[in-house]
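Coordinate analysis (summary)
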Amino acid sequence: MTEEMIGKSVKRIKALEKVTGNAKFVHDIEIQGMLHAKMKLSPHAHAKIVNIDTTKAKSLPGVWAVLTGKELPYKVGLYLVDKDILAVNKVRYQGEPVAAVAAETKEIAEKAVELIEVEYKKLDAVLDVQKAVEEDAPLVHENLGELESAPVFFPKPGTNIAHHTKIRKGDTEKGFAKADHIIENEFTLPMVDHTAMETHTSIAEWKPGRKVKIWTSAQSPFAVRNLLANGLHLNHEDIEVIVPYVGGGFGGKAGIHFEPLVTCLSRAADGRPVKIVMSREEEFNSVPVRQGLYSRLKTGVNDDGEIVAQETEFLWDSGANADYGVNVTRAAATAGVGPYEIKNVKLDSKTVYTNKIFGTAYRGFGHLEILWAIERQMDLVAKEIGISPYDIRMKNGLDVGSVTITGEHIGESHGRVKECLREVAKEIDFENRDSDDLPEGKKRGKGVATLHKAPAMPTNTGTAAFLKFNENGTLNLTVSLTDYGQGTYTALAQIVADQLDMPVDKVNVVWENNTETEPYDWQTVASKGLFMSGNAVIKASQDMAQQLKEVASEPLRCSVEDLVIEDEKVKVRHHLDKYISFKELAMGYTYENGNAIGGPLVARGNYIAQGLTNLDPETGQGLPALDWTYGAHGVEVIVDEDTGEFEVVKIASAFDVGKAINKENVIGQIQGGVIQGYGSAVMEGYQFSEDGRLLTNTFTDYKVPSIADIPELKPIIVENAQEDGPYGARGVAEHPMLSIPSVIGNAVQDAIGVKIKEMPVIPEKIFELIEANK
Amino acid sequence: MKTINFTVNGRNYKLDVKDNEILLDVLREKLHFTGAKEGCGEGECGACTVIMDGKAVTSCIILAVEADGSDIETIEGQSVGEEISDIQEAFIEENAIQCGFCTPGMVMSTKALLDRNPDPSDEDIDIALSGNICRCTGYYSIRNAVKRAAEKKGGSQS
């Protein structure tokens, strides 16, 4: 084959099924005899459960099971096992499930939920992270000291601090003493919802012998299986988790969610399958979100723009649980000064419990949040010392030879943040930003911002891939990495096609994921999918190539070393007209007289993260990052200097992806991510009443971008290969949304001088700042 | 209970529905047209879009009894055997599909638009599709797909 497979925009796998409405999501699945579940939710942010009376609900015809927290003495969770399946003894946020029903119809389930009577005694709630860390704050988890956690997390018993990551590099006292300027600012941002279009949906069918079969809208079938086994004390091999098409994830479907609840309901309902579908209101109210963040940054900088010291405090508003949130805090801390080299750093990042819906992974895993503070601070510092926002970033940006805050040395194989920054500045003509052509009262502003992120995951994160031949010489590829829109499966098919020199449409990537039949993958998160599974798929392809050659070497009468793979055939290197096709080898090679050798060919490959270490608990030194993807945005805005209304005219976004395996799908990720970041930047954010009730629980009150909102966007692909990435590739799933709020804030500041420190960036807040400056 | 008559993708249906039954639920649960999805249940996200008597509607806020006597088109009626429509083809060619959950609704809103306006401007497209939320693509490829579909339709007419 002569066609270049890597870098080609091969059409997305399963596009036909999706565009015809044939793709079946868990949302669409019905199992014979299936019951419908509904949850009773807490109306209070913090309250003791005095009594729950389920008598009336249980006696309603059509009701098969009613459960409360008393019957479910389990805790579940990813890194810190702090989640109840249904609230036990007390509720910790408004919207927390306190009871659940399984009934023959949705209507009966809803009616039964209404008949459940819960008596509460309200407790003092803590809604603000800064108040939650005070000594006399009400405790969200009184038993924090007794909870299980992964050994790299350190809950502080008797407080609301679920974890504290410390990073210490150099000597900040000396650094600040030498600095020409010291500039300190505080930044905040609210909780935000993923709003995947398919709400969380799960079906469980309990079976004899303590077994269970689950269909779920999850990103990570093996994480669901593992956490369910641990939480409900089941055997891993007795749990089958099936993930069909998933309607968007963005981190919100990582870890474990309602699978334990439907499992327990099915068990209580004599093994009838039970389905739960979150309504959109429940999705906002009872399904975890991106954490809020309070940041305090103190920067020591010299006249020439060199940053000599940085002191940073992050307080993460993790809400009522932190099973996933503790790792957001840790991961973001390791990237905690942005893609810059700063010699003296003291950084403290704390996961804080409050009485609100709880936090989880969201595309970017804490990095959009910290970069809001880091990249806004960079422009505030630049303004204060009178240097260009571009120059200060170039002055301090990471280069080959730089040392990161965890002690990692940046090498030739890392990406280039400064190249991304140069590209976007050029694209928006950053230096040229006067407003002479605009009507009176309108000001043009331009901003730049950088970003970086590495996958956040356990040091021993692994994945694997299987390949098997079909009778006609085509291949099935099986991985339990999931594809809920990223396009990873298409790229993996391209890798197999390139490795085994065959047409990409002859590589069938098995779509539906199933823990019974597929090899393990830790989780589909962190922009590690293509990097890790790509490497595993290369190994599986090489294994298959070797097996093909071993079988073919006998009939071709030569050694394995003399054979090459070309055009779906095994050929003799020196006589390319002597060959055997894949089809003839797939199920075993048969000689003319009927003798056969080989057998059906199956191959495997695996990959485990290389060389990662746990961080030193006191200094944060270690190697947490498999690969860093760097990027930058440039933005042009036009702002009304009287009202604060603004228009984003153009966004340019560049990422050093190492190598784009499928250019069109990389651009798809950039476009989708940038607009998701745009939502965070200018319109999205949870609002609560004073007593902790969520006010933004519909799409009417919680707006996300529509097609009418999108500004002009120029995606730019930079390719400096990553030595250990598949074909040099790095992940770019999360990165496009990082620093979008910061760059818009920077551009608005550039236009009219207002110092925005609160997200989202909305005209009302800009107006307040304009008025305050008068 | 009330008896209603309507057509879905040209096929006649007569069925008994409750007064408060929602059209989307009837289509999905009784007739098994599961292409239309429920993304919000309040007419805000467009995942449930079908065409009723030529107009794109959010079927999650329409009562089944309101559909009595109407002609309904769903995503399932847009392809015949292996043949997909120009619009569907354009969505694939422009890579306007990621997770796919919003796609049926997007295709139906596009069809309703192009049926009444074969040559839409960017603004026409934005107005017609602003009720369809997609959280994956950022909409650029969807806008391009609508334009490409319009070109294809123009091409087949001339």
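Because the structure is a prediction, the values reported are computed rather than measured.

Conventions used here
Residues numbered from 1 in each chain as written. Chains lettered and ligands numbered in written order. Predicted model: local features only at pLDDT ≥ 70, side-chain atom pairs only at ≥ 80, totals over all residues. Heavy atoms only, no water. Pairing = 2+ DSSP bridges. Helix = DSSP H or I, 4+ residues; strand = E, 2+ residues; numbered from the N terminus. Axes fitted to C-alpha atoms, helices over the stretch in contact; angles between N-to-C directions. Contact = heavy atoms within 4.5 Å. Buried area = accessible area lost by both parts, 1.4 Å probe. Salt bridge = Lys/Arg side-chain N within 4 Å of Asp/Glu carboxyl O. Polar contact = N/O pair within 3.5 Å; in protein donor to acceptor, adjacent residues only side chain to side chain. Nonpolar A, V, L, I, M, F, W, Y, C, P; charged D, E, K, R; others polar. Phe/Tyr/Trp six-rings, centres within 6.5 Å; stacked < 30°, edge-to-face > 60°. Buried < 20%, exposed > 50% of the residue type's maximum accessible area, 1.4 Å probe, protein only. Lys NZ or Arg CZ within 6 Å of the ring centre and 35° of its normal. Core = buried A, V, L, I, M, F, W, Y, C linked by side-chain atoms within 4.5 Å. Parallel < 35°, antiparallel > 145°, perpendicular 65-115°, else oblique. Left-handed = near helix turned anticlockwise from the far one by under 90°. Domains from an automatic or database assignment. Right-handed = clockwise from strand over helix to strand, strands pointing away.

It is worth spelling out the sheet that holds strand β24 (residues 569–572) of chain A at this point. Residues and elements named next belong to chain A. Strand order in the open sheet formed by 3 strands is β23-β24-β25, and the pairing between neighbours is antiparallel. Bordering the open sheet on either side are β23 (563–566) and β25 (575–581), each of which pairs with just one other strand. When strand polarity is set aside, the average angle formed by the axes of neighbouring strands in this sheet is 35 degrees. Here 4 bridges tie β24 to β25, and the two strands are oriented antiparallel to one another. Among the inter-strand pairings, V570 is bridged to a residue of β25, identified as I580. The strands touched by helix α14 (residues 529–553) within the sheet are β23, β24 and β25, with β23 carrying the most contacts at an inclination of about 125 degrees.

Turning next to the interface of chain A and chain B. Facing the 51 residues of chain A at the interface are 42 residues of chain B. For the chain A and chain B pair, buried surface summed over both sides reaches about 4,000 Å², with 57% attributable to carbon and sulfur atoms. For chain A, the biggest contributors to the area lost against chain B are V19, M197 and I707 of chain A; these three give 21% of the whole. Our enumeration of links across chain A and chain B arrives at 4 salt bridges. The interface formed by chain A and chain B holds 26 residue pairs in polar contact (both at pLDDT 80 or more) in total. Elements represented by at least two residues in the side of chain A that touches chain B include exactly α1 (15–19), α16 (663–682) and β31 (712–718) of chain A. Looking at which element gives the most residues to the side of chain A that touches chain B, the answer is α16 of chain A, with 8 residues. Residues that form the side of chain A that touches chain B fall into these classes: 19 nonpolar, 18 polar and 14 charged.

Enumeration over the complete set of coordinates arrives at 21 aromatic pairs over all chains. Taking the centre distance of 5.9 Å and the plane angle of 70 degrees together, the rings of Y79 of chain A and Y324 of chain A count as edge-to-face. Residue Y79 of chain A is located in the loop between β4 (75–76) and β5 (83–84), and its partner Y324 of chain A is located in the loop between β16 (307–319) and α9 (325–334); the two are separated by 245 residues in the primary sequence. Side by side, Y79 of chain A and Y324 of chain A carry an identical accessibility label, which is buried. The interplanar angle of 40 degrees and the centroid separation of 6.4 Å between the aromatic rings of Y390 of chain A and F430 of chain A together place this pair among those described as tilted. Here Y390 of chain A, found in helix α11 (residues 389–396), pairs with F430 of chain A, found in the loop between α12 (417–427) and β18 (442–453); they are 40 residues apart in sequence, far enough to count as distant. In this structure, Y390 of chain A and F430 of chain A share a single accessibility class: buried. Within the aromatic cluster, the residues linked to one another by ring pairs are F25, Y245, Y489 and W511 of chain A together with F101 of chain B. The residue whose ring lies beneath K569 of chain A is Y579 of chain A, and the NZ or CZ to ring-centre distance is 5.3 Å. The ring of Y579 of chain A has K571 of chain A sitting right over it, with the charged end atom 5.9 Å from the ring centre.

Taken as a whole and judged by the stated rule, the model has 52 salt bridges over all chains. Among the ionic pairs, R393 of chain A bridges to D379 of chain A, the shortest N-O distance being 2.7 Å. Within this pair, whereas R393 of chain A is found in helix α11, its partner D379 of chain A is found in helix α10 (residues 367–385), the two being separated by 14 residues in sequence. Here R135 of chain B makes a salt bridge to E684 of chain A, at a shortest N to O gap of 2.8 Å. Highlighted residues: R135 of chain B in the loop between α4 (122–129) and α5 (140–157) and E684 of chain A in the loop between α16 and β31, drawn from two different chains. Exposure remark for R135 of chain B: the relative accessible area of 5% places this residue in the buried category. Several salt bridges share partner residues, and in doing so they unite E89, E93, E94, R148 and K152 of chain B into one network.

With that settled, consider the nonpolar core. In terms of nonpolar packing, the biggest core is built from 251 residues, with L477, L500, L548 and I744 of chain A together with F91 of chain B touching the most fellow members. Listed in part, the 22 residues of the second largest apolar core include L23, L27, V50 and A67 of chain B.

This brings us to the packing of α10 of chain A against helix α17 (residues 740–752) of chain A. Residues and elements named next belong to chain A. Where α10 meets α17, the closest approach of the two axes is 8 Å, and the angle between their N-to-C directions is 25 degrees. The pairing of α10 with α17 is recorded here as roughly parallel in orientation. Between α10 and α17 lies a crossing of right-handed hand. The residues of α17 that touch α10, namely those facing L368, L371, W372, E375, R376, D379, L380 and K383, are P741, S742, G745, N746 and Q749. Looking at side-chain class alone, the contact of α10 with α17 contains 5 nonpolar, 4 polar and 4 charged residues.

Here we come to the domain arrangement of chain A. All names here are of chain A. You can read the domains of chain A as domain 1 (15–21 + 461–608), domain 2 (31–123 + 197–248 + 253–286) and domain 3 (365–457 + 626–773). Centre-to-centre, using C-alpha coordinates, domain 2 lies 38 Å away from domain 3. Here domain 2 is connected to domain 3 by 0 salt bridges. Our enumeration of links across domain 2 and domain 3 arrives at 3 residue pairs in polar contact (both at pLDDT 80 or more). Here the side of domain 2 that touches domain 3 is built from residues that sort into 4 nonpolar, 2 polar and 3 charged.

Turning our eyes to something else, we now look at the environment of I22 of chain B. Residue and element names in this part refer to chain B. Structurally, the position occupied by I22 is in the loop between β2 (11–17) and α1 (23–30). On a C-alpha basis, the gap between I22 and L114 in space is 27 Å, while along the polypeptide they are 92 residues apart. Once residues within four sequence positions are removed from consideration, I22 is found in contact with S59, C60, I62, L63 and A64.

Attention now moves to the pairing of β31 of chain A. Residues and elements named next belong to chain A. With 7 bridges connecting them, strand β30 (residues 646–656) and β31 associate as parallel partners. Residue D656 lies in a different strand from β31, and its bridge partner there is V718. Handedness of the crossover is the feature at issue here: the chain leaves β30, passes through α16, returns alongside β31, and the resulting connection is right-handed.

Quick look at the side chain of T329 of chain A now. Residues and elements named next belong to chain A. With respect to the element layout, T329 can be found in helix α9. Of the residues examined, T329 reaches a relative accessible area of 0% and is grouped as buried. Ignoring sequence-local partners within four residues, the contact set of T329 consists of H163, T165, W316, S349, K350 and T351.

Residues and elements named next belong to chain B. Look at helix α2 (residues 86–93) against helix α3 (residues 103–116): their axes get within 10 Å of each other, and the N-to-C directions meet at 125 degrees. Relative to α3, the element α2 is oriented oblique. Note on packing geometry: the crossing formed by α2 with α3 is right-handed. Across the interface between the two elements, I87, Q88 and F91 from α2 touch T103, M106, V107, T110, K111 and L114 from α3. For the contact of α2 with α3, a count of residues per class yields 5 nonpolar, 3 polar and 1 charged.

Turning next to the sheet that holds strand β29 (residues 629–640) of chain A. Residues and elements named next belong to chain A. If you trace the 4 strands from one edge of the open sheet to the other, you get β18-β29-β30-β31, paired in mixed fashion. Edge positions in the sheet fall to β18 and β31, since each has one partner strand and no second. The mean inter-strand angle of the sheet, taken between neighbouring strand axes irrespective of direction, is 15 degrees.

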